[in-house]
Amino acid sequence: MRILAFDASTEICAVALGDGEHWAERSEHAGSRHSELLLPMIRALLAETGTAMRDLGGIAFGAGPGSFTGLRIACGVAQGLCLGADLPVVGIASLEAMAHAAGAAHGWSRVATALDARMHEVYFAAFECEGGRWRARVEPCVLPPSEVPKLDGRWCGAGNGFAAYPALGERLANALDACDESALPTAVAIGSLALPRFAAGAATPARDAAPLYVRHRVALTTTERNAGQNL
């Protein structure tokens, strides 16, 4: 089964196409240009691999948390493509994809993930791999770095939240053996996590696809800005 997977939850726009054994992928630093880049990147990857939409078994996207705009773009593109080709869709939590990517790169099985959420907060979750499946030990949440839950046992850290906020590493110092501050969710990780869900019949109709928001505001208040806080 071949699927298309993509992510726009961070500043990177990433697309992958594969079956679990072999993946073709493209990624580009997008900044705020995901809406310009995502569809052309998808078309280019389909052409490069000689794949038509009818050849796909489904589409997976990074559902969040992450950039509000990026999540809406990814979800909208997934819905549009799936409706047009009558394909099922799977949304994958961005932090789980980051844990999977970091685990695959470093051989880690317990990963505390953190993305910079701006406004002096991080998107945070902790995942443990058991029997080939990542299970959330701390569900995705948004918190100030000094308030993330402390972890029992030994863990590894992943994500730019650790680089943006040194207080996060200090908070978890007694639990962390290593940290990859450059780790990000990847389209291949999203596809790899989605494949068993498609196989298990856990995909959803396109109309039901939705981003995973854990924060419902995108800017500081005037009072917060006047107090000297920055996005």
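Residues numbered from 1 in each chain as written. Predicted model: local features only at pLDDT ≥ 70, side-chain atom pairs only at ≥ 80, totals over all residues. Heavy atoms only, no water.

Novice: Explain the packing of helix 1 (residues 34–49) against helix 2 (residues 68–85) here, please?
Specialist: The description of two helices packed together rests on the angle between their axes and the distance between the axes. In the contact formed by helix 1 and helix 2, the axes pass within 10 Å of each other and the chain directions differ by 35°. Classified by chirality, the crossing of helix 2 by helix 1 is right-handed. The segment helix 1 lies against helix 2, with H34, S35, L38, L39 and I42 engaging I73, A74, V77 and L81. In terms of residue class, the contact of helix 1 with helix 2 is made up of 7 nonpolar, 2 polar and no charged. (Axes fitted to C-alpha atoms, helices over the stretch in contact; angles between N-to-C directions. Helix = DSSP H or I, 4+ residues; strand = E, 2+ residues; numbered from the N terminus. Left-handed = near helix turned anticlockwise from the far one by under 90°. Contact = heavy atoms within 4.5 Å. Nonpolar A, V, L, I, M, F, W, Y, C, P; charged D, E, K, R; others polar.)

Novice: Whenever I open this one, the sheet that holds strand 8 (residues 133–143) confuses me. Can you help?
Specialist: Adjacent strands of a sheet pair through backbone hydrogen bonds, lying either parallel or antiparallel. With mixed pairing, the 5 strands of this open sheet are ordered in space as 8-7-6-9-10. Either end of the sheet is taken by a strand with one partner, and the two such strands are strand 8 and strand 10 (176–180). Between one strand axis and the next, the sheet turns through 20° on average, direction left out of account. When strand 6 (residues 110–116) meets strand 7 (residues 122–130), the two strands line up antiparallel, connected through 7 bridges. Its bridge partner being in strand 7, R110 is matched across the sheet by E128. (Pairing = 2+ DSSP bridges.)

Novice: Hey, could you run me through the packing of aromatic side chains in this one?
Specialist: Think of a pair of aromatic rings as described by two things: how far the centres are apart, and how the planes are tilted against each other in angle. All chains considered together, the criterion is met by 1 aromatic pair. Taking the centre distance of 5.1 Å and the plane angle of 20° together, the rings of F68 and Y213 count as stacked. Of this pair, F68 sits in helix 2 while Y213 is found in the loop between helix 6 (187–199) and helix 7 (222–226), placing the two residues 145 residues apart along the sequence. The partly exposed category is assigned to Y213, whose relative accessible area is 27%. (Phe/Tyr/Trp six-rings, centres within 6.5 Å; stacked < 30°, edge-to-face > 60°. Buried < 20%, exposed > 50% of the residue type's maximum accessible area, 1.4 Å probe, protein only.)

Novice: What's the story with the sheet that holds strand 5 (residues 89–93) in this structure? I'm lost.
Specialist: Spatial ordering of the open sheet is given by 3-2-1-4-5, a layout of 5 strands whose pairing is mixed. Looking at the sheet topology across the chains shown, the edges are occupied by strand 3 (23–29) and strand 5. Here the average twist between neighbouring strands, direction ignored, is 15°. Across 5 bridges, strand 1 (residues 3–7) lies against strand 2 (residues 12–18) in antiparallel orientation. Pairing of L4 across the sheet is with L17, part of strand 2. Along the sheet face, helix 2 touches strand 1, strand 4 (58–64) and strand 5 and points at about 165° away from the line of strand 4.

Just distances and angles here, no functional claims.
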